[in-house]
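Summary of the model geometry
Residues per chain are reported as follows:
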Amino acid sequence: MKNICFILIMALFSCKQSETKVNIIDNMGKYITASAIDETVKELESKYPQSDRELIGRGVKLVSEFWSSGDGSPDEFKEFCINSYSQDKKALADRFSKNLETVFGRFSQVGKEMQFPIHVEDGDLLPVDEIFASWSPFAHVSDDWFDNKLAMILHLNFPYYSLDERNAKGLQWTDDENAAVNLGLYFASRTPGRIQQNIDEISTRAEMYISNYNIYMHNIVDEKGGRYFPEDMRLISHWGLRDELKSNYTDRTETGLLKQKLIYDLMIRIINQEIPQEIINTPGNDYCPVNNRFFRNGRDTVPEREKDTRYAFMLEIFRASKAADKYSPLYPDAIKRAFDQGLEMTFDEVETMFTTFLSDPVIEKIGGFIGRRLRRPLRAYDIWYDGFKARSSINERDLSARTVKQFPDAKALERQLPNILQLLGYGTDRAEEICQFIAVDAARGSGHAMGAAMKDDVSRLRVRVPETGLNYNGFNVAMHEFGHNVEQTVSMYDVDNYLNSGIPNTAFTEALAFLFQKRDLDVLGFKENNPDKARLAILDNYWHAFEIMGVALVDMYTWKWMYANPDAKPEELKAAIISIAKDVWNKYYAKVFDVADSPILAVYSHMISYPLYLAAYPIGHLIEFQLEQHLEGKDFAKEIDRIFSIGHCSPNVWMTKATGTKLSVEPFIKAVTNVMDEINAQVDD
Ligand SMILES: [Zn+2]
């Protein structure tokens, strides 16, 4: 989590700099000549003959890439390197470790305090609360640490190790060596404040655009003017639309199918940007997505379509991000920053995993099985087929009756956290030890977990607790967040060196939280008696991964296209994305559904509001599967405790330490192939 926090923190670094300063940073990387670098390296080598020559070379080269004329003359550069090179790396790393913990830990405490009123149900909100909440204590750290050269000292002494090197050598590294490598990952960009501010500002606008992209479903009609959705139903694109489509799998009547088809057609109109502007976030006028007819005050009217706004936002974000490229010598484009830096997996590695998964013939068998269950040919929107959810054999009302009594308020949940851990197999002392660092608050909004960025701080479990007590749905969310909190606590307190604390990335965070969430009924003491549950759960997870991998590939290929066509116009980007989405569809989905040319994989709103993030979801599915398989038959608590305390290293090294093998799609494919063989054998019987 530390790594994620760190990346988020870096994104928050923004600062108003004077134009002169900006211009001086602009010659970063071009100012120090190759011969100046050579001379510096030679002098350092003769001053420290015992030192690792290769590391000296790397460190000096890296500092030169961050060095601009504003930092000093070439002679001053040389002098700085000679004087700042340290032979006692351990002492220097320890000092950085201690001070980074103080800075990130305390600042994150301050940030959490500032945000407390807007996150927690605790009295009335004041108008100033929003300003306090949006102020970031981290805003100037990066600028300050480059200006006073702390960041340069760091890069000189702890040079960057590439992902390949980290994957190849990570398993052999001692804790100290791993910490030194992790330290080298800090301050990887020196993005000027105005450029970062621009990215933040456009991202905020894009998020607002998406969060206001609601459709009033009562106004969505079929060709005959038939209305199928309730009056108060307002759905956000794409999440709300998708979830409503999913919920209609339980309606086996003609109406259920009609509603799904209307939602699908609506999504296609959004992708194609044929949707009338007046339908977005505005109730009152009817729209038929099947034939694209619009009725203003009941009269058939030719509307203004949404004018490729969706794609204009993507281009704006792309251009703002691209402007930061030259300040990021280690990750010189936004794709590398999302993959190599954020996920610590390369684009190619992720692409190969996804396409291997998508190409496996087992998916056609699952498609066939879904068709048999639905008793109809598959349609493109069946990528969201929801029928593998093992419906609990226990009534949700009974479960809620139990949870509201057991957890009347947030504090009751907090008191019982050690109990919950014991029910998952933890010993009394260990459960108490972990839970002393977890506090529960009643959330204003949806549930979330906020970790600590230092020892001595607590992580916070936030969940919405109605007046009547925590219902089952809330408890289920709380278990997910609790998974985050336990991981946050163990990966901070049980990792000796602060620089090694945390886990690899967001995909891991979520996978680990699901391990807890899935065990919620065990904690409540309800025994499931659905023998197919395990098999269905594998199919459900697999089908979901299948869906989201295609979506992620579209996002990934779109960014490649934008880098190849940096001056594209919104309508050109639209045409490109539709063509990319259809290509991915035709390659991996068409044969499963027997439907060609669907652009549906382009509907996800993440592409606009969280660009290059989608790949984390399917990776999360793969991690979750591999971990569950590893945990089978083992002592859950003991094993989870060990895994959570591995600390931060590259995902492949982490997975190997956790499960014995690196992250891979093969075990998942194998397991689901077995499940399908069993199911087909039953049918044959
Ligand atoms: Zn989560």
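A few points on the structure. Note that this is a predicted model, so its numbers are computed, not measured.

1. Thoughts on the coordination of the zinc ion
The protein atoms donating to the zinc ion are His-480 (NE2), His-484 (NE2), Glu-510 (OE) and Glu-510 (OE), with metal-donor distances spanning 2.1 to 2.7 Å. Seen from the zinc ion, its four donor atoms lie at angles of 51 to 141 degrees, and the figure they make is irregular.

2. Considerations on helix H30 (residues 651-659)
Counting buried residues along H30, seven of its nine residues qualify, which places the element largely inside the surrounding structure. Among all positions in H30, only Pro-651, Asn-652, Val-653, Trp-654, Met-655, Ala-658 and Thr-659 are buried. Tucked into the core, H30 has its buried residues touching helix H10 (163-169), helix H16 (334-343), helix H17 (347-359), helix H23 (506-517), helix H28 (616-631) and helix H29 (636-644). Gly-660 sits one or two positions beyond H30 and adopts a positive phi of about 95 degrees.

3. What to know about the pattern of salt bridges
Tallied over the entire structure, the rule returns 41 salt bridges. With its nearest N and O atoms 3.0 Å apart, the salt bridge here joins Glu-54 to Arg-58. In this pair, Glu-54 and Arg-58 both sit in helix H4 (residues 53-66), four residues apart, roughly one turn of the helix. By relative accessible area, Glu-54 is classed as partly exposed at 49%. Asp-300 is the salt-bridge partner of Arg-293, the closest N and O atoms lying 2.6 Å from each other. A single salt-bridge network, built from bridges that share partners, covers Arg-430, Glu-433, Asp-494 and Asp-641.

4. Some remarks on the environment of Val-120
On the secondary structure map, Val-120 appears in the loop between helix H6 (89-119) and helix H7 (127-134). On the accessibility criterion, Val-120 (4% relative accessible area) is buried. Spatially, the C-alpha atoms of Val-120 and Arg-444 are 5.2 Å apart, while their sequence positions differ by 324 residues.

5. Observations regarding the layout of surface pockets
Estimated volume of the second largest pocket: approximately 400 Å³. As for the second largest pocket, its lining consists of 21 residues, and the residues nearest its centre are Leu-55, Lys-89, Phe-158, Glu-177 and Ala-180. Sorting the residues of the lining of the second largest pocket by element identifies H6 and helix H11 (175-183) as the ones contributing at least two each. At five residues, the largest contribution of residues to the lining of the second largest pocket is made by H11. When its residues are assigned to classes, the lining of the second largest pocket shows 10 nonpolar, five polar and six charged.

6. Considerations on the side chain of Arg-444
Here Arg-444 lies in the loop between strand S6 (438-442) and strand S7 (448-450). A distance of 2.7 Å separates a polar atom in the side chain of Arg-444 from the backbone oxygen of Pro-117.

Parameters at a glance
- Residues numbered from 1 in each chain as written.
- Predicted model: local features only at pLDDT ≥ 70, side-chain atom pairs only at ≥ 80, totals over all residues.
- Heavy atoms only, no water.
- Donors = N, O, S within 2.8 Å, 3.2 Å for Na, K, Ca; no water.
- Tetrahedral: all angles 85-135°; square planar, octahedral: opposite > 155°, others 65-115°.
- Buried < 20%, exposed > 50% of the residue type's maximum accessible area, 1.4 Å probe, protein only.
- Helix = DSSP H or I, 4+ residues; strand = E, 2+ residues; numbered from the N terminus.
- Contact = heavy atoms within 4.5 Å.
- Salt bridge = Lys/Arg side-chain N within 4 Å of Asp/Glu carboxyl O.
- 1 Å grid on protein atoms, 1.4 Å probe; cavity = no way out; pocket = protein on both sides within 12 Å on 5 of 7 lines; lining within 4 Å.
- Points joined across faces, edges and corners; volume = space filled by probe spheres on them.
- Nonpolar A, V, L, I, M, F, W, Y, C, P; charged D, E, K, R; others polar.
- Polar contact = N/O pair within 3.5 Å; in protein donor to acceptor, adjacent residues only side chain to side chain.

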